Amino acid sequence: MAVERDVFGISGPTYLKSVDWNCEHNRRSVAASLVQAVYVLERDRQLNRQSVEALAPPWWEFFHFELIRKLIDDADMSTFGAIFEFNPPSSEEASAVNAPRFVIAFRGTITEKDTISRDLSLDLHLVQNGLHRTSRFTIAMQAVQNVASVFPGSKIWLAGHSLGAGMAILTGRNMVKKGALLESFLFNPPFVAAPIERIRDERVKHGFRIARSVITAGLTIAMKGKSEGNSQRSVAEESFSILSSWTPYLYVNPGDHICSEYIGYFQHRKNMDDLGAGFIEKLATQNSIGDLFFKALGWESEPLHLLPSADLIVNVSPSPDFKYAHGISQWWQPELNLQCSKYRY
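Every value quoted in this text rests on a predicted model; they were computed, and no experiment measured them.

Enquirer: Can you tell me about the overall build of the protein, naming the residues and giving the values?
Expert: Of regular secondary structure, the protein possesses eleven helices and eight strands. A total of 345 residues make up the protein; the buried ones form 52% of that total. Here the contacts in the protein between residues at least 6 apart in sequence split such that 74% fall between residues at least 24 apart. As displayed, the protein offers around 15600 Å² of accessible surface, 54% of which is attributable to carbon and sulfur atoms.

Enquirer: Before we move on, could you go through the sheet that holds strand 3 (residues 102-106) and cite the residues and values that matter?
Expert: Strand order in the open sheet formed by eight strands is 1-2-3-4-5-6-7-8, and the pairing between neighbours is mixed. Looking at the sheet topology across the chains shown, the edges are occupied by strand 1 (65-72) and strand 8 (338-343). Each neighbouring strand pair of the sheet contributes to a mean axis angle of 15 degrees, computed without reference to strand direction. Bridge count between strand 2 (residues 79-86) and strand 3: five bridges; the pairing is antiparallel. Across the sheet, residue Phe-84 finds its bridge partner in strand 3, namely Val-103. Packed on one face of the sheet, helix 1 (residues 24-46) meets strand 1, strand 2, strand 3, strand 4 (156-161), strand 5 (183-187), strand 6 (249-252) and strand 8 and runs near 135 degrees to strand 2.

Enquirer: Describe helix 4 (residues 135-150), and please don't skip the residues or the numbers.
Expert: Helix length check: helix 4, at 16 residues, gives a terminal C-alpha distance of 22 Å against a target of 22 Å (1.5 Å per residue), a fit within 8%. Three or more residues of helix 4 are buried, namely Arg-136, Phe-137, Ile-139, Ala-140, Met-141, Ala-143, Val-144, Val-147 and Ala-148. If you follow the buried residues of helix 4, they end up packed against strand 1, strand 2, strand 3, helix 3 (116-127), strand 4 and helix 5 (163-177).

Enquirer: Tell me about the pairing of strand 3, and name the residues and values.
Expert: Most of strand 3 sits out of view: five of its five residues are buried. Every second residue of strand 3 is oriented toward a common face, with Phe-102, Ile-104 and Phe-106 on one face and Val-103 and Ala-105 on the other, all of them buried. In this sheet, strand 4 lies alongside strand 3 in parallel orientation, the contact comprising five bridges. In the strand pairing of strand 4, Ala-105 is matched with Ala-159.

Enquirer: Residue-level account of the environment of Ile-68, with values.
Expert: With respect to the element layout, Ile-68 can be found in strand 1. Ile-68 sits in the partly exposed class, given a relative accessible area of 42%. Considering only alpha carbons, one finds Ile-68 and Glu-85, 17 residues apart in sequence, at a separation of 6.5 Å.

What counts and how
- Residues numbered from 1 in each chain as written.
- Predicted model: local features only at pLDDT ≥ 70, side-chain atom pairs only at ≥ 80, totals over all residues.
- Heavy atoms only, no water.
- Helix = DSSP H or I, 4+ residues; strand = E, 2+ residues; numbered from the N terminus.
- Buried < 20%, exposed > 50% of the residue type's maximum accessible area, 1.4 Å probe, protein only.
- Contact = heavy atoms within 4.5 Å.
- Areas by Shrake-Rupley, 256 points an atom, 1.4 Å probe, with all protein chains shown as cover.
- Pairing = 2+ DSSP bridges.
- Axes fitted to C-alpha atoms, helices over the stretch in contact; angles between N-to-C directions.
- Expected span 1.5 Å × (residues − 1).

Read these as layout, nothing more, since geometry by itself doesn't imply function.
The structure is reproduced here in structure tokens:
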């Protein structure tokens, strides 16, 4: 079956005649296509496309997945996620041993009148490190927990784009704390910080990063000294260490200022170690200035973008504009120039 053109005019990866589940490119393409399926599911709902008129089904049926459940936001009744189950034909079962049994995918912001108000509100919560306080996260977390508990030992993937990547990070982090490491595909995940990566002069860029690390580490020590709850801070540090066993795949584009700061975030950690300033960066990498500010105000804060470990995949292929650089469609293209780095805390 050929994947039809979706409502955004983007063709799917029809060149994949069969999926090699050991191939990183194939796995990435499938995960991105299932995230796209959630986008199209919501547009089908908005445009009242039903039955044979619906454009979403080919995005999962092409890869032999079934839609098990839509995840519905309780505020605007939009579809923000979906649970897919892999059901290959018997002739392909032997070659699908490394395939996931379930994929739980989350879309990002849709700037249409039915969804823009709720989605932008959630974007603001993400910027304020408060996505974990929203009802959408509660629904997502319950869905992931239910699948993991009902089907223990099954291979489960998380996948998300933009705001949806933030949701996948948050659910993935929480599952780690419960002892479950879920393979996670995070496309254009938001990094809430000043876009230093866009500075062209490498020396200036490096200087900004060192200054930010020193300030962040200094504020962390100062708050630690003034706070009577030092044990609480120790718990936070221990939590960061626990998360280091989880290694999500981060897919970023240098032309996308929303996610490109991940490139510098991980590279700077290595640079600081090389300079002998690993202690400073150890404090800085667990905190952000914004996070410390919110905590100083007494707000509960959980910065999603501070990840101990990750496989960072950077698309250095030319991007015509920001819309493409931040878009999901780039991640199933057949000939990408990717730079891959593994970072372990």
